[in-house]
Amino acid sequence: MPTVSAHVALTLARHIDHVFGVMGNGNAHFLDALERSTEVTYTAMRHEAGGVVAADAHFRASGRLAAATATYGAGFTNTLTALAEAVQAHVPLILVVGDEPTSGPRPWDVDQIALASAVGARTYTVGRADAAATTVIAIEHALSYRVPTVLAIPYDVAKLDAGEVPDAAELPAPHLPAPLSPSSPFAAAAVDELARTLASAERPVLLAGRGAWLAGAGEALGALADATGALTATTALGRGVFPRGEFDLGVTGGFGADAAMELIGTADVAVVFGAGLNQFTMRFGQLFSPGTRVVQVDIAPAATHPHVGGFIRGDARLVAEALVDRLAATGAARERWASSAEVAAARAQEPCAAGGLAPDGRLDPRSVAVRIGELLESDPSTRDRVVVSDGGHFIGWANMYWPVASPDRFMMVGTAYQSIGLGFPSVPGAAAARPDATVVLSTGDGGGLMALADLESAVRVAGGRGLAVVWNDAAYGAEVNLYGLQGLARGPMLIPEVDFAGLAASVGARGVVVRTLDDLDALAEWAATPASDRPYLLLDCRISGDIIAPYQQEIVRVNS
């Protein structure tokens, strides 16, 4: 008869198609049932954190729920940083773990419920009589609240006979809340007022984040921009949400060009859809001028920044559609208050070092980023891509120089929790979510070393569809730029220069050391080769640490 673990596996299989993780004593029976009795694809990772990261990246790239799995004790505690990142980034996933027996903890057990709660994740523990129903509840919780959710299987319960697995009809489907409509009298009045404000605005700006993409608001926001003559801008995680790029000023904050940020600062009205307005998006409070009327539209309970002067609680798509309907009565769409040529000029980034080298003789990372961006755009196989960014100083380069088609084609895994070392394990998740796309990883040497266990996973799963760019400056660059400039001892901030190309070759990839821009011809050659005939490619870019990204300069300024 089916076991408790089989009930969990078979019920999960009705709602997900991928599980990532590491096998151990606590999840062995679950994985056995998953492999023998379901069509779910299981991808073995080499570190438990990697399983959670891969499930996280799978959702970000596809919008489809995935699961991770780990054993109890040390296996579970290894997941905590990745779990905290998913909580902070509002990414739903299911983490199936073993847990202490119902008779009480053993010497190697820890209070896993308390640890999960400490990073913001709720735990549901299955029993012999309710394993299938509890699994459905955990899925509903994850999707309803957009959070990772732990599903625990006590060690002494895992292989107990639980009877026949209930049919799908016997279990309620996960019930998800409907999009939050601005239908209350107060919300409707606020929408009416905002429509009047936009109708009379002379220099409106619309700013959208990842929440707008998750709401499916892209088309409605495009119509709203056309109706109001607004220029548009996005957060880093909202890139590509607006349909018309010719009037988009790019990413706000330190990832954007100074001239574009100056244009945003002249807006008389700015409406923010599905963006939390963190310190980086807001340029540490300097994005808008004091004369800008800032209105935020979000499903959060209240405004998330003190500069917000008006707040409408509602789904980004529904509010945008309501505004378009209100404005339709005012007549034809308005002309943009800046031309596409002016917008293009404002978005232009500063020129890079001549010849691609910085004064210290190492590569200027901006030149490398520009050239890689050109090569990625030039070949159809890499034009269809998902970009995954680890955390670190280098996050500016992909944001500034690599275009992406839509928000689900770019993810920054680690930045919500300010972590590094989650890059390589993100690749299998993104590759499984987008099986026809090229997965491009941007990582630093510090984060790359931290994630080395799952370099092999990235190479094995992505194969010829995978490309890693390692920004190798032989240092923890963010720390050097902040604390080194303050005069703190630099020794702990430095890393002996590591041969990442050699490490890649050791697990079956092609590694290329990049010391000049001509060395990037290897990427052009690789892109021109069919994915089935080429290996995973890692570019070990030996860059200068003297070039500080603009967003990092803002951090230095604020902390000086």
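Describe the overall build of the protein chain, naming the residues involved and giving the relevant values.
Counting its secondary structure elements, the protein chain contains 23 helices and 18 strands. The C-alpha extent of the protein chain, read off along each of the three principal axes, is 70 × 65 × 50 Å. Out of the 560 residues belonging to the protein chain, those deemed buried represent 57%. A fraction of 78% describes how many contacts in the protein chain between residues 6 or more apart in sequence connect residues 24 or more apart. Accessible area for the protein chain stands at about 21700 Å²; split by element, carbon and sulfur atoms hold 54% of it. In the protein chain, which carries 38 positive and 59 negative side-chain charges, the distance between the mean positions of the two groups comes to 2 Å.

How would you summarise the sheet that holds strand 16 (residues 466-472) if you had to cite specific residues and measurements?
Note: strands within a sheet are paired through backbone hydrogen bonds, in either parallel or antiparallel orientation. Pairing in this open sheet of six strands is parallel, and the strands run 14-13-15-16-18-17 from one edge to the other. Of all strands in the sheet, those with a lone pairing partner are strand 14 (410-412) and strand 17 (510-514), marking the two edges. Averaged over neighbouring strand pairs, the angle between their axes works out to 15° when direction is ignored. By the bridge criterion, six bridges tie strand 15 (residues 438-444) to strand 16 in an arrangement that is parallel. Of the residues in strand 16, the one forming a bridge with L441 is A468.

Help me get a handle on the nonpolar core, residues and values and all.
Ranked by size, the top nonpolar core spans 59 residues in total, and within it L95, V150, M411, F424, Y536 and L538 carry the most contacts. Excluding residues that lie within four positions of it along the chain, L538 makes contacts with F424, L455, A468, V470, F500, A501, A504, R510, G511 and V512. Within the second largest apolar cluster, 40 residues are counted, among which are L376, V387, I395 and L520.

Summarise the packing of helix 1 (residues 4-12) against helix 7 (residues 131-145); cite the residues concerned and give the values.
At a closest axis distance of 8 Å, the pairing of helix 1 and helix 7 adopts a crossing angle of 40°. Considered as vectors, helix 1 and helix 7 are oriented oblique to each other. Two packed elements cross with a definite hand, and for helix 1 against helix 7 that hand is right-handed. Within the contact between the two elements, helix 1 uses V4, H7, V8, T11 and L12 and helix 7 uses A131, A132, T135, V136 and I139.

Now, about the packing of helix 1 against helix 2 (residues 28-37): what can you tell me, with residues and values included?
Interhelical geometry of helix 1 versus helix 2 gives an angle of 50° and a closest axis separation of 8 Å. When the axis of helix 1 is compared with that of helix 2, the two are oblique. Pair helix 1 / helix 2 crosses with right-handed handedness. Residue-level inspection shows S5, A6, V8, A9, L10 and L12 of helix 1 in contact with helix 2, the latter providing H29, F30, A33, L34 and S37. Residues of the contact of helix 1 with helix 2, tallied by class, amount to eight nonpolar, three polar and no charged.

Here is what the cut-offs are and how they apply
Residues numbered from 1 in each chain as written. Predicted model: local features only at pLDDT ≥ 70, side-chain atom pairs only at ≥ 80, totals over all residues. Heavy atoms only, no water. Helix = DSSP H or I, 4+ residues; strand = E, 2+ residues; numbered from the N terminus. Buried < 20%, exposed > 50% of the residue type's maximum accessible area, 1.4 Å probe, protein only. Contact = heavy atoms within 4.5 Å. Areas by Shrake-Rupley, 256 points an atom, 1.4 Å probe, with all protein chains shown as cover. Lys, Arg positive; Asp, Glu negative; His and termini not counted. Charge placed at Lys NZ, Arg CZ, Asp CG, Glu CD. Pairing = 2+ DSSP bridges. Axes fitted to C-alpha atoms, helices over the stretch in contact; angles between N-to-C directions. Core = buried A, V, L, I, M, F, W, Y, C linked by side-chain atoms within 4.5 Å. Parallel < 35°, antiparallel > 145°, perpendicular 65-115°, else oblique. Left-handed = near helix turned anticlockwise from the far one by under 90°. Nonpolar A, V, L, I, M, F, W, Y, C, P; charged D, E, K, R; others polar.

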